[in-house]
Each structure stands twice: as structure tokens, then as C-alpha cells.
Amino acid sequence: GRIRKIGNNSNTRVFQEDLIKYYKNRNKEKQWKEKLGNDLNWQLSFDNVRERDRTKHVHRLHPYKGKFIPQLVEYFLDEHIDNFKKEVIFHKDDIILDPFCGSGTTLVQANELGINAIGIDISVFNSLISNVKVKKHNIFELQRQIKIITRSLLEFTYNAKNIEFENELLEKLTKFNNEFFPSPDYKYRIRNRDINGWEFGKKKEREFLDVYVKLVKKYDLGIIQDNNSNSFLEKWFLKPVKKEIDFVYSLIQKVENKDIKQILEIILSRTIRSCRATKHSDLATLKKPIHTTYYCPKHYKICKPIFTILNWWKRYSNDTVKRLSQFDQLRTNSYQHCFTGDSKNLDIFAAVKKEDYNFYSLLKSKKIKGIFSSPPYVGLINYHRQHAYAYELFDFENREDKEIGPLFKGKGIKARESYIEGISQVLLNSKKYMEKNYDVLLVANDKFGLYPKIAEKAGLKIVKQYKRPVLNRTEKDKSAYSEIIFHMKEK
């Protein structure tokens, strides 16, 4: 009641919402403990870490579902101790292994701390992302190639009238939204239940659709692709966007420098991921392709699909250069590389020997000190399919049949048994290359209680568990869950 008396103008309403958010957050820890138990290590939630720090430098080089935050990795890799972490597990110049490398978070943080790290991932694309993050690059040459491609793309889009069409569409869309969806008043009216946002939004969606159709005819712009194949690129991208993607891809293939070419592929992949023909509220799920303007419940206004990749290409090109440059200021001379392969049977010595003989000599004599990794969760993510657009565009080999615990295999008894077998085989193979008294730390959402069985099958014992709350800040599903960091050693 005290909050309501603050006032009714738009500025105080925003302040009112901030106050409500503050009081909700103040009770958050209590609510989580009631739901998940009092044994949570709240310090490991890192809920006080800012978004820009959780996604610092190369960690946001490309979207990836299922990665852990760098602060969690740093907590266990660095040499500090506290009330929870009572011993230093890894030291500078150690060699560690991440057999489920994903997008390379462990490798990047190991580099910052001067720790050598070997990654393995079954996904070709994951290995590409990881290695682009940790490699040293020629930034000047990268900028030069970006300028060449951007200039060519700008000319290509101008001749195709994409930009002219989108500029006029945006002009009319802005005027329409300002009139019928003024911010923040429209949001306030919905939250105050003065208006049914969905009914009003759908009504205005139909009204603006006439404007959109007339503009498409005016510019004689083909929107829907002619091909009805099962191709991801045919289904989820508008025709003008697909033409631009093909054009930029053709330019990247002409780049002779392999390292620069790989960075450009990452930029293009990140670009086209943001340009899929879907509603903003469906980006994570891809429910249905969208080819027209639509009412967006996420932004409380009429939104549009993407008709040109130009702005996204420019944004992500600049951002990539900035992030790689930032990481250059922090990097150490330690070794990191992610190998594409099956962690259940990859010969790590042979792989490293082929890639870097000097480091192979060190690895042979010193061996691996331990593992820090986050294995896939049972039936949660299809790790290949989340990047289907990249696999199709770059013609990467698809190895999803070798994934452990993918979404398409479900969470049933057979899936769990297969998961136990897969993870334990990875650990058994990894042990061949580790020194005596090694340490294994695995981050897992073990709601099915599988990890004691995995440890047993791998000849390991669980010596400590750290239970942390996971704050899901970016996805729609804000439900509370916890994960455990299992510290294992040889039996």
C-alpha cells in the first residue's frame, strides 16, 4: 500500500516496478531454500554477478544452450580457499581436461589463470567455437576482411531493395506502435488489467497487416522461399535473407587465411541465428516460421521478421573484434585446444601429438592433473540440433547419434542407463591420461541420482559435493532448480 501512494505518472510507475522487484529479490533466497533445501551453497549462485561479467569478452562470442557461467569455473580452478572450498585443487601450469567441452568456457578460464587445458567435444561446431575463443588471432587482418565483406553486402542489399523496403516498413511500424502501444503506459495498462493485451494486440496486428502487404507489393519483394524441402535454411529464413546468407557465405569461402575464415564463419553463424523467421518470444523453441508482421507479447507491440542480415552482421562483426581484443589483454601463454572426437575412446596423447608436438612432450611427462567439466544433462538439449543452421550452411559432419543424453532420447529408464554407461566410459578413458591423485569435478543436475552409480562404474569415489542454486535469468522458464558439483577421486 505504501508503494502505491508514490504516484501515477510514468516515471514513478517505473520506480514502483523497481521497488517491487527489489522486495521480491530480497525474499528469493528464503523461497529457494524452502523449495530446494537448506544445504544450498548460495555463494555459488553468483546472483550478484552482473550480466556483462557473466558474458565477459569471448564468452559471448556465440550463443550456446547449456553452458555454465565462467565465475563457477574460475571458483574451482583458481588458488583461493574459503569456508566452502577448503583446499586448492588446481595450480598454475597444471594440465586439465574438459571431455564435454561445449562452447569452451573451461578452456577460456583456464587460459586466464595460466592453466593448460585440453577439451574434447563430439560436435564439430562446438570445437570450432571453442578454438576460435582461445586462439591468438590477427585482429588487423580480421578487420580488413570484415570491411571487404560488409562493403560487398551493403551493395548487394541496396541493389535488392531490402534496406529501402525495411526502412519504410520501420517508419510506418514506429508510427503505428507509438500511437497504439505507447511505452511504458501500454505495459502499465496491461499489468493493471485495464486492457486485455492479447485481444487488443491481435486486433491491431490485423490492422497493420494491410500496410505490410501493400509495402511488399510496392517493392515486389519475394518473402517465402519457393522450395518446400525439409532444409532448415529453406524453412526458417525469408527469401531475401537466405540470398544474403548465401552471398556472404560465398565471400567467406574465398578467404585464404584459415584462422580468419573460421572467425568469419562464427560471425555469420551468430548473425543468421538472430535472423531466423520466428517470433521474438519463440527464439528458443522455434514453434512456427513467421512471414508477416505480428503482435509480440514479449515487446508489447507489433514486431516484424528480419528482411536483411546487414545490421546484425555489422553488429556482431564489431562485437567479435571487441571481444577478441579484450581477451587478448588477459590471455596467458598456456595451452588450450578442443579436439573433435568421442571422449569415450579418443586417444588424447595421439591427438595432442598431431596438433602440437611440444605440448605433447609436456603432457607425456606431466600428465593431466584432473577434470573440470559439465556433462550433458539427461534429455535436456539436442546439442547438434541447436545449431542446425550452421551444420547445414557449412556442411559440417553431424554426429548427434554419438551424443550422450540428448533430448531426442528422452529421460526414461533406458535413456538413464545409456547415460550412466556413456559418462562412466568417458571417465574410464580419461583416467588413462591422468597423473596419480587426480581430481574430477563434474557439474550436474542430478535429479535422477545417477552420479553415485557413474562414480562406481568408473572406479571413483565422491569425496565432496557442492550444491548450488541456478538462477535462470535469460530464458522464459524462471523455475528454481539446483545442480551439484561432484568432487571425485580414485577409489
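A quick note: this is a predicted structure, and the numbers were derived from the prediction, not measured. (Residues numbered from 1 in each chain as written. Predicted model: local features only at pLDDT ≥ 70, side-chain atom pairs only at ≥ 80, totals over all residues. Heavy atoms only, no water.)

Attention shifts here to the confidence of the model for the protein chain. On average, residues of the protein chain score 90 in pLDDT, and 90% of them are at 70 or above. Across residues 1–15 the pLDDT falls below 50, and counting only partners more than four positions away or on other chains, this stretch makes 15 contacts in the model. Residue range residues 473–478 is modelled with pLDDT below 50. Its contacts to residues more than four positions away, or to other chains, number 8 contacts. (pLDDT = per-residue confidence, 0-100. Contact = heavy atoms within 4.5 Å.)

Our focus in this paragraph is the sheet that holds strand β7 (residues 434–444). The strand order across the open sheet built from 7 strands is β5-β2-β1-β6-β7-β9-β8, with neighbouring strands paired in mixed fashion. On the outer flanks of this sheet lie β5 (336–340) and β8 (460–470), each paired with one strand and no other. When the angles between neighbouring strand axes are averaged without regard to direction, this sheet yields 20°. Relative to the sheet, helix α4 (residues 70–77) contacts β1 (95–98), β6 (368–373), β7, β8 and β9 (481–490), its axis offset from that of β6 by approximately 150°. Running at roughly 115° to β5, helix α15 (residues 348–355) makes contact with β1, β2 (116–121), β5 and β6 of the sheet. (Pairing = 2+ DSSP bridges. Helix = DSSP H or I, 4+ residues; strand = E, 2+ residues; numbered from the N terminus. Axes fitted to C-alpha atoms, helices over the stretch in contact; angles between N-to-C directions.)

In total, this model carries 26 salt bridges according to the counting rule given. Notably, a salt bridge pairs lysine 218 with glutamate 168, separated by 3.0 Å at the nearest N-O pair. Here glutamate 168 lies in helix α8 (residues 162–180) and lysine 218 lies in helix α10 (residues 197–218), a separation of 50 residues in the sequence. Under the relative-accessibility criterion, lysine 218 is labelled exposed at 54%. Three or more residues are tied together by salt bridges with common partners; here these are Arg270, Asp319, Lys322 and Arg323. (Salt bridge = Lys/Arg side-chain N within 4 Å of Asp/Glu carboxyl O. Buried < 20%, exposed > 50% of the residue type's maximum accessible area, 1.4 Å probe, protein only.)

Inspection of the secondary structure assignment puts histidine 59 in the loop between α3 (51–54) and α4. Placed 10 residues apart in sequence, histidine 59 and isoleucine 69 show a C-alpha to C-alpha distance of 8.7 Å. If sequence neighbours within four positions are ignored, histidine 59 has contacts with Lys67, Pro70, Thr105, Val108, Gln109 and Lys133.

Using the criterion set out here, one finds 0 disulfides in the structure. Cysteine 296 forms no disulfide, and the closest cysteine sulfur to it belongs to cysteine 303, at a distance of 4.0 Å. (Disulfide = S-S within 2.5 Å.)

This part covers the nonpolar core. With 91 residues, the main nonpolar core has Phe76, Phe165, Phe237, Leu264 and Leu268 as its most contacted residues. Looking at this core, the element that brings in the most residues is helix α13 (residues 258–274), giving 7 residues. Apart from the residues lying within four places of it in its own chain, the contact partners of leucine 268 are Ile245, Val248, Tyr249, Ile252, Ile309, Trp313, Leu393 and Phe394. With 39 residues, the next largest nonpolar core counts Ile404, Ile420, Ile423 and Leu427 among its residues. (Core = buried A, V, L, I, M, F, W, Y, C linked by side-chain atoms within 4.5 Å.)

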